Amino acid sequence: MKNNKLWGGRFQEKASEILDLFNASLPFDKKLYKQDILGSKIHSQMLSHCGILTQEESKQICQGLDQIQAEIEKGEFTFDISDEDIHMAVEKRLIEIIGEVGKKLHTARSRNDQVALDFRLFVLDSNRQIRVLLLELIQTLLNIADSHTTTILPGMTHLQHAQPVNFGFLMCAYACMFVRDFERLSDSFKRNNYCPLGSAALAGTPYKTDRFYTAKALGFTAPTLNATDSVSDRDFALDFLYDLSLIAMHISRMAEELVLWSSYEFRFITLSDSYSTGSSIMPQKKNPDVPELLRGKSGRVYGNLFSLLTIMKGLPLAYNKDTQEDKEGVFDSFETLEISLKILNDLLKTMQINPKEMKEACQKGHLTATDLADFLVQSCNIPFREAHHITGKAVTYAESLNKDLSQLSAQELCSVDSRIPPKAHNALDLEASMNSRDSYGGTSTKATQTQIQSLLAWLQIAKSGECNER
Ligand code: ARG
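The rules behind each value
- Residues numbered from 1 in each chain as written.
- Predicted model: local features only at pLDDT ≥ 70, side-chain atom pairs only at ≥ 80, totals over all residues.
- Heavy atoms only, no water.
- Helix = DSSP H or I, 4+ residues; strand = E, 2+ residues; numbered from the N terminus.
- Buried < 20%, exposed > 50% of the residue type's maximum accessible area, 1.4 Å probe, protein only.
- Phe/Tyr/Trp six-rings, centres within 6.5 Å; stacked < 30°, edge-to-face > 60°.
- Core = buried A, V, L, I, M, F, W, Y, C linked by side-chain atoms within 4.5 Å.
- Contact = heavy atoms within 4.5 Å.
- Polar contact = N/O pair within 3.5 Å; in protein donor to acceptor, adjacent residues only side chain to side chain.
- Near = heavy atom within 4 Å.
- Areas by Shrake-Rupley, 256 points an atom, 1.4 Å probe, with all protein chains shown as cover.
- Axes fitted to C-alpha atoms, helices over the stretch in contact; angles between N-to-C directions.
- Parallel < 35°, antiparallel > 145°, perpendicular 65-115°, else oblique.
- Left-handed = near helix turned anticlockwise from the far one by under 90°.
- Nonpolar A, V, L, I, M, F, W, Y, C, P; charged D, E, K, R; others polar.
- Pairing = 2+ DSSP bridges.
- Salt bridge = Lys/Arg side-chain N within 4 Å of Asp/Glu carboxyl O.
- Disulfide = S-S within 2.5 Å.
- Expected span 1.5 Å × (residues − 1).

A. Highlighting the environment of Ile 247. The residue Ile 247 is located in helix H10 (residues 235–261) in this model. When its relative accessible area of 0% is taken as the criterion, Ile 247 is described as buried. Expressed as a C-alpha distance, the spacing of Ile 247 and Ser 298, which sit 51 residues apart in the sequence, is 8.7 Å.

What follows is the structure, encoded as structure tokens:
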């Protein structure tokens, strides 16, 4: 029995059913139908522009492709696994609809450059969508930051109380991470915005095509330079997976903080009921499942990066079927980040911020110890190492009274060491401490407002066009 595949000319026997199951990418690459149809339309227009097809033929092909897109979108298209992939499913249907002319579409291209194009278009579109979500998240962080530049809480190192900071300052820290993520995606976009279509199987084509026409019509900067590299290059997907991994890592850090801050030990924030879950056994519980899941999702996102790195490792030049394994991980990472960014944004918008609890926490951990040492250096001309030592004694004394350093009276403080003058007591004030860190990038209310202004200015520029490269 003859093989009925589009490529079946040299085959005597039919493909086995299990081969279809193993070989086909259609169940997942049907997601690329829009990119596939767009690429084919532009390809046929290029062929007619170069006199390889007539205008009428290209028009018929484009109309047929539009019909196929409509059928898919209305759910009327039959995806048949024996068609193997989206490229052949669309081409087969095109021939059914427009007949012989449909058989001309595949002139001067191959599925190798076709899939490289479709997948690249998908990755670049997704790159843009993630950047839009990042901008929304950054806006939310800055809104919160702007209302909390005087909301004081313990800044930590090693998760131990360190120095007083304001909550807006911490929100700006996260905004800075997401700004870098945005810029990393913009860089990847620019690096990868080149069109592989027209590379054909691996070596280019004898037809007098115009790859620059195709590249321009599809919104690319230019065609890719080398046909063999173009059909096997998946760096664009790896760049994207890496960019998404870093976003996932940043989200997981913030999520961890949200879990801690919402616990009874901290109570710095209260997560809204609509983003919390209950326990099936403990009726009193309100669990932070949402930030925990946000934290956990990083695992699969890193996994997808490592999976593709491993698939690509050791592949000889040009197309190998191994690369068919490139898509599902990218789809998964994209969808994971898409929902994670949306839900993190909502979680932040709806959470309650508890300044009273934050302030109370500042009464523990001797947060102003560095300020006392700095005061002794600046006002009493005591060398820092010595000032550090005197302050250490004051901390021990406060602890012996079961007090925080900031709770010592001026008299108690002076009793620690004869070199401590009474006005050193002012250095123990939490607000004064926070506002004294007024260096560029510091935590004072003023320095935090400067950061918010810079980030808002960046946001303005990013919103006004960075995402419109194609
Ligand atoms: N389904 C294939 C993939 O996703 C398309 C390219 C197939 N090319 C080939 N020569 N078998 O990679």
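There is more to say after this.
B. Inspection of the packing of aromatic side chains at higher detail. Here the structure, examined in full by the defined rule, presents 8 aromatic pairs. When the centroid spacing of 4.8 Å and the interplanar angle of 70° are considered together, the rings of Phe 122 and Phe 331 count as edge-to-face. Placement of the pair is Phe 122 in helix H6 (residues 111–147) and Phe 331 in helix H12 (residues 327–350), with a sequence separation of 209 residues. Like Phe 331, Phe 122 is buried. Geometrically, the ring pair formed by Phe 182 and Trp 458 is edge-to-face, given 5.2 Å between the ring centres and 85° between the ring planes. Taken as a pair, Phe 182 in helix H7 (residues 167–192) and Trp 458 in helix H18 (residues 445–466) lie far apart in primary sequence, 276 residues in all.

C. Summary view of the nonpolar core. Core analysis: the largest hydrophobic core is formed by 88 residues, its most contacted members being Ile 130, Phe 167, Phe 178 and Ile 247. Setting aside residues no more than four positions away along its own chain, Ile 247 makes contact with Ile 130, Leu 134, Phe 178, Asp 181, Leu 185, Leu 337 and Leu 341. Ranked by size, the runner-up nonpolar core spans 19 residues in total, among them Leu 372, Leu 405, Val 416 and Ala 427.

D. Representation of the side chain of Asn 127 within the structure. Here Asn 127 lies in helix H6. Assessed through its relative accessible area of 2%, Asn 127 is described here as buried. With residues near it in sequence (within four places) discarded, Asn 127 still touches Leu 185, Ser 188, Phe 189 and Phe 240.

E. A look at the side chain of His 366. Mapped onto the elements, His 366 comes out in the loop between helix H13 (355–361) and helix H14 (369–380). Residue classification places His 366 among the buried residues on the basis of a relative accessible area of 12%. Of the polar contacts made by the side chain of His 366, one reaches the side chain of Glu 399; its length is 3.0 Å. Polar contacts involving the side chain of His 366 include one to the main-chain amide nitrogen of Leu 405, which spans 3.0 Å. Excluding its chain neighbours within four sequence positions, the residues that come into contact with His 366 are Val 395, Ala 398, Glu 399, Lys 403, Asp 404 and Leu 405.

F. Representation of the site of the ligand in the model. The full set of residues close to the ligand is Ser 25, Asp 85, His 87, Arg 111, Asn 112, Val 115, Tyr 319, Gln 324 and Lys 327. Between an oxygen atom of the ligand and a side-chain N or O atom of Lys 327, the distance comes to 2.6 Å. Within the complex, the protein chains bury 86% of what would otherwise be the 340 Å² of accessible surface of the ligand. A total of 3 residues in the shell around the ligand trace back to one element, the largest contributor, which is H6.

G. Just the packing of helix H11 (residues 289–312) against H12, in detail. Direction vectors running N to C along H11 and H12 enclose 160°, while the axes themselves pass 10 Å from each other. In terms of orientation, H11 lies roughly antiparallel with respect to H12. Taken as a pair, H11 and H12 cross one another with a handedness that is left-handed. On the side of H11, the interface is formed by Val 290, Pro 291, Leu 294, Lys 297, Arg 300, Val 301 and Asn 304, while H12 contributes Gly 329, Asp 332, Ser 333, Thr 336, Leu 337, Ser 340, Ile 343, Leu 344 and Leu 347. When its residues are assigned to classes, the contact of H11 with H12 shows 8 nonpolar, 5 polar and 3 charged.

H. Spatial organisation of the packing of H6 against H7. Contact geometry of H6 with H7 gives a least axis separation of 9 Å together with a crossing angle of 165°. By the angle between their directions, the pair H6 and H7 is classed as roughly antiparallel. In terms of crossing hand, the pair formed by H6 and H7 is left-handed.

I. Focus on the pairing of strand S1 (residues 152–157). Bridging between S1 and strand S2 (residues 160–166) involves 6 bridges; their strand directions are antiparallel. Following the sheet pairing, Gly 155 is matched in S2 by Gln 163. Here S1 folds back onto S2 in antiparallel fashion, the turn holding 2 residues, of which His 158 has a positive phi close to 55°.

J. Quick look at the pattern of salt bridges. For the structure shown, the criterion picks out 26 salt bridges. For Arg 234, the salt bridge identified is with Asp 326, shortest N-O distance 2.6 Å. Residue Arg 234 is found in the loop between helix H9 (227–232) and H10, and its partner Asp 326 is found in the loop between H11 and H12; the two are separated by 92 residues along the sequence. Pair check on accessibility: Arg 234 and Asp 326 agree, each one buried. One connected set of salt bridges, linked through shared partners, spans Glu 84, Asp 85, Arg 111 and Lys 321.

K. View of unusual backbone geometry. Of note, the phi angle at Glu 84 is positive, near 75°, even though the residue is not glycine. As for its placement among the helices and strands, Glu 84 is situated in the loop between helix H4 (55–73) and helix H5 (86–98). Glu 84 gets classed as buried once you look at its relative accessible area, which sits at 4%. The phi angle at Ala 108 is positive, at roughly 65°, despite the residue not being glycine. Summarising the element assignment, Ala 108 is placed in the loop between H5 and H6. Looking at Ala 108, the relative accessible area reads 7%, which means it is buried.

L. View of the state of the cysteines. This structure, assessed with the given rule, holds 0 disulfides. Left unpaired, Cys 172 is separated from the closest cysteine sulfur, that of Cys 176, by 6.7 Å. In this structure Cys 414 is a free cysteine whose sulfur lies 9.9 Å from that of Cys 380, the closest cysteine sulfur available. Looking at Cys 414, the relative accessible area reads 22%, which means it is partly exposed.

M. Structural view of H4. Between its first and last C-alpha atoms H4 spans 27 Å; for 19 residues at 1.5 Å apiece the expected length is 27 Å, and the two agree. Every buried residue of H4 is accounted for by Glu 57, Ser 58, Ile 61, Cys 62, Gly 64, Leu 65, Ile 68, Gln 69, Glu 71 and Ile 72. Here the buried face of H4 lies against helix H3 (33–49) and H5. Positive backbone phi, approximately 75°, marks Gly 75, located one or two places after H4.

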